[in-house]
Amino acid sequence: MADYGRSQEAQAYRKWYKTARWRRRRADHLAENPLCVMCSKVGILNDGSKKLDGSPQPHKRRRFLVCDHIQPHRGDEYLFYFGDVQTLCPDHHDIVKQREEQRGYSSEVDESGWPVDPNHPANR
Ligand SMILES: [Zn+2]
């Protein structure tokens, strides 16, 4: 398990999530994009109330949506505030982040099946 996210570096940027600037950005994004983009790709309209298979999310504390940085900001303040974001359900967010943290790149693919992350070995 990578312990990225618990490092000293992570401590430094954790406070960014508490700023009014980020909270406003997050609220605006989720208001305009109120469905998990990855659930939508497989035809499930998930406003945060469902699990990956589309059934109701039984855990109250997992009923929300994540405003996720598409390119991991890794402590980069500009990316944090201005990098592209996407809406994810908690389950998809966990899956995506775990893969990125373990491998150092995202395994997300586009419609043609090609990896979208420029750091993916196929794009180097
Ligand atoms: Zn999802």
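Use the structure listed above.
This is a predicted model, so every value here is computed, not measured.

### Quick look at the nonpolar core
Stage number 1. In terms of nonpolar packing, the biggest core is built from 17 residues, with Trp-22, Cys-36 and Leu-88 touching the most fellow members.
Stage number 2. Within the residue set of this core, elements represented by two or more residues are α2 (20–32), α3 (37–41), β1 (66–69), α4 (77–82) and β2 (85–88).
Stage number 3. Residues in contact with Trp-22, not counting those within four places in the same chain, are Trp-16, Tyr-17, Cys-67, His-69, Phe-80, Tyr-81 and Val-85.

### Some remarks on the coordination of the zinc ion
Stage number 1. Within the protein, the atoms that donate to the zinc ion are Cys-36 (SG), Cys-39 (SG), Cys-89 (SG) and His-92 (ND1), at distances of 2.0 to 2.3 Å.
Stage number 2. Viewed at the metal, the four donor atoms of the zinc ion are separated by angles of 105 to 115°, and the geometry they form is tetrahedral.
Stage number 3. For the zinc ion, the donor residues sit on a single chain with the sequence spacing C-x2-C-x49-C-x2-H. Of the two residues, Cys-36 is situated in the loop between α2 and α3 and His-92 in helix α5 (residues 90–103); the sequence distance between them amounts to 56 residues. The residues Cys-36 and His-92 share a single accessibility class, namely buried.

### Describing α2
Stage number 1. The terminal C-alpha atoms of α2, which comprises 13 residues, lie 18 Å apart, in line with the 18 Å expected from a rise of 1.5 Å per residue.
Stage number 2. Looking at α2, one finds that the buried residues are Trp-22, His-29 and Leu-30. Across the axial projection of α2, the buried residues extend over an arc of 95°, all falling on one side. Exposed residues pointing more than 90 degrees away from the buried face of α2 are listed as Ala-20, Arg-23, Arg-24, Ala-31 and Glu-32.
Stage number 3. Contact partners of the buried residues in α2: β1, α4 and β2.

### Details of the pairing of β1
For a regular strand, side-chain orientation follows a simple rule: the groups alternate between the two sheet faces.
Stage number 1. On β1, burial covers both faces: Val-66 and Asp-68 on one face and Cys-67 and His-69 on the other are all buried.
Stage number 2. Note that β1 and β2 share four bridges and pair antiparallel. Considered in β2, the bridge of Asp-68 is made with Gln-86.

### Here's the deal with the side chain of His-92
Stage number 1. Take His-92: its relative accessible area is 13%, and that puts it in the buried class.
Stage number 2. Excluding residues that lie within four positions of it along the chain, His-92 makes contacts with Cys-36, Met-38, Cys-39 and Leu-52.

### Some points on the environment of Arg-26
Stage number 1. With respect to the helices and strands, Arg-26 occurs in helix α2.
Stage number 2. Overall, the relative accessible area of 31% leaves Arg-26 in the partly exposed class.
Stage number 3. When the C-alpha atoms of Arg-26 and Leu-65 are compared, they prove to be 10.0 Å apart, with 39 residues separating the residues in sequence.
Stage number 4. For Arg-26, the residues in contact, after removing those within four places along its chain, are Leu-65 and Cys-67.

Thresholds, definitions, all that
- Residues numbered from 1 in each chain as written.
- Predicted model: local features only at pLDDT ≥ 70, side-chain atom pairs only at ≥ 80, totals over all residues.
- Heavy atoms only, no water.
- Core = buried A, V, L, I, M, F, W, Y, C linked by side-chain atoms within 4.5 Å.
- Buried < 20%, exposed > 50% of the residue type's maximum accessible area, 1.4 Å probe, protein only.
- Helix = DSSP H or I, 4+ residues; strand = E, 2+ residues; numbered from the N terminus.
- Contact = heavy atoms within 4.5 Å.
- Donors = N, O, S within 2.8 Å, 3.2 Å for Na, K, Ca; no water.
- Tetrahedral: all angles 85-135°; square planar, octahedral: opposite > 155°, others 65-115°.
- Expected span 1.5 Å × (residues − 1).
- Arc of directions from axis to C-beta.
- Pairing = 2+ DSSP bridges.

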